[in-house]
Amino acid sequence: MQLSNPLIRNLEEGSGDEMSHLYPDRGIMSKESPLDRLEQDILDESISTTKLLRLFIVIGGRAFSEPLRKWAMNELRGYNGPSEEIPDYRTIGAPIQADSRSPFWQARAETISALDLPEIARETISQEIPVRFSVAKIQSLLDGRNSTEPIKLSLPGGPELCRLMSYEPGRREQQVIVESLYWAVHTASLQDILEQARNRLLDFTAELRSSMTPGLEDPTVEQVHTAVQSINITVGDNSPVTLTAPITNERKDMPVRIPLISRGFFKR
């Protein structure tokens, strides 16, 4: 059958690019730019922070940005070891609580001071917690949790501290056994860590958009490096973390393809 309408004929015979702006739900590449899609994905709460950070590892690799890659990788893997500085948004406050019992009573979620801990722990443990978990671990702690129910995070060396406290003269005489020591963390404090990381991804995207020439799909290596500096990170002593790296002249004008989360056949 001959098609009399030129528009219909072009759509039927044309490429996916020609049809994509009319049929975005068919799994054909959208006319939206990759940066538009990335921004939408960051704003889409149904897409996990973990998936987004993986994209930024790829962007860091394609733009030769080791600082961006390292920050995103640390958020994904977790900040390992006490010697590795963590961003200040990963230090949260929570009360220290104890569960204990005696032959005559039991106490649960009793708030105590850091000064109630054995002397050996008083200089290293306080009501401020450095959260070194990966974003996936943080999300798993939040999933299915009642927002009013605190999350119990064990103190470092908790079992040994419990034994030391149970053998202190006052408790030993009264046969009081300290069973567990932990921080009682409000779910909102952990949720805020995920939001802080996500907001930095959005800041990066906004900065990248402002530096790009309208109509271009791909930023340059230099533009990515400039946008990385918008990811404002400070560590515990409020000193800024530098997220910059040198670029060679040969690389600074190279285009950087923005990877996207696969939806249907749309992939970059």
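These lines cover the structure that appears in this document, whether it is placed above or below. Everything numeric here is computed off the predicted structure, so don't read it as measured data.

1. Points about the sheet that holds strand β2 (residues 96-101)
Spatial strand order, β3-β2-β6-β5: 4 strands in an open sheet with antiparallel pairing. Taken across any chain shown, the strands that pair with only one partner, and hence form the sheet edges, are β3 (106-112) and β5 (151-154). Within the sheet, the average angular offset between the axes of one strand and its neighbour, ignoring direction, is 35°. By the bridge criterion, 5 bridges tie β2 to β3 in an arrangement that is antiparallel. Bridge pairing in β3 links isoleucine 96 to isoleucine 112. Across the sheet, helix α7 (residues 158-166) lies against β3 and β6 (177-185), angled at about 130° from β6, the strand it touches most.

2. Here we look at the environment of proline 219
One can find proline 219 in the loop between α9 (187-211) and α10 (221-228). Considering only alpha carbons, one finds proline 219 and arginine 257, 38 residues apart in sequence, at a separation of 7.4 Å. Ignoring anything within four residues of it in the chain, the contact list for proline 219 reads Leu208, Met212, Val224, Met254, Pro255, Val256 and Ile258.

3. Quick word on the side chain of glutamine 223
Inspection of the secondary structure assignment puts glutamine 223 in helix α10. For glutamine 223, a relative accessible area of 17% gives the class buried. A polar contact of 2.9 Å, which involves the side chain of glutamine 223, links it to the backbone nitrogen of threonine 220. Excluding its chain neighbours within four sequence positions, the residues that come into contact with glutamine 223 are Leu208, Ser211 and Met212.

4. A word on the pairing of β2
The element β2 is extensively covered by neighbouring structure, given that 5 of its 6 residues are classed as buried. Linking two consecutive strands that pair antiparallel, namely β2 and β3, is a turn of 4 residues.

5. Let's talk about helix α3 (residues 34-43)
Every buried residue of α3 is accounted for by Pro34, Leu35, Arg37, Leu38, Asp41 and Ile42. Taken end-on, α3 shows its buried residues confined to a sector of 160°, consistent with a single buried face. Those residues of α3 hidden inside the fold are in contact with α4 (49-62) and α9.

6. Things to note about the pattern of salt bridges
Under the definition given, this model contains 10 salt bridges. Between arginine 90 and glutamate 75 there is a salt bridge, with the nearest N and O atoms lying 3.0 Å from each other. Taken together, the residues arginine 90 in the loop between α5 (66-77) and β1 (91-93) and glutamate 75 in helix α5 connect sequence positions 15 residues apart. Just as arginine 90 is buried, glutamate 75 falls in that class too. Where salt bridges share partners, they join Asp36, Glu39 and Arg209 into one cluster.

7. Re the packing of aromatic side chains
Counted under the stated rule, the structure contains 1 aromatic pair. Here phenylalanine 56 and phenylalanine 204 contribute two aromatic rings whose centre-to-centre distance is 5.2 Å and whose plane-to-plane angle is 70°, an arrangement assigned as edge-to-face. Taken together, the residues span a long stretch of sequence, with phenylalanine 56 in helix α4 and phenylalanine 204 in helix α9 at a distance of 148 residues. Looking at lysine 137, its charged tip hangs above the ring of phenylalanine 133, at a distance of 6.0 Å from the centre. In this arrangement the basic side chain of arginine 251 is found over the ring face of phenylalanine 64, its NZ or CZ atom lying 3.9 Å from the centre.

Conventions adopted
- Residues numbered from 1 in each chain as written.
- Predicted model: local features only at pLDDT ≥ 70, side-chain atom pairs only at ≥ 80, totals over all residues.
- Heavy atoms only, no water.
- Pairing = 2+ DSSP bridges.
- Helix = DSSP H or I, 4+ residues; strand = E, 2+ residues; numbered from the N terminus.
- Axes fitted to C-alpha atoms, helices over the stretch in contact; angles between N-to-C directions.
- Contact = heavy atoms within 4.5 Å.
- Buried < 20%, exposed > 50% of the residue type's maximum accessible area, 1.4 Å probe, protein only.
- Polar contact = N/O pair within 3.5 Å; in protein donor to acceptor, adjacent residues only side chain to side chain.
- Arc of directions from axis to C-beta.
- Salt bridge = Lys/Arg side-chain N within 4 Å of Asp/Glu carboxyl O.
- Phe/Tyr/Trp six-rings, centres within 6.5 Å; stacked < 30°, edge-to-face > 60°.
- Lys NZ or Arg CZ within 6 Å of the ring centre and 35° of its normal.

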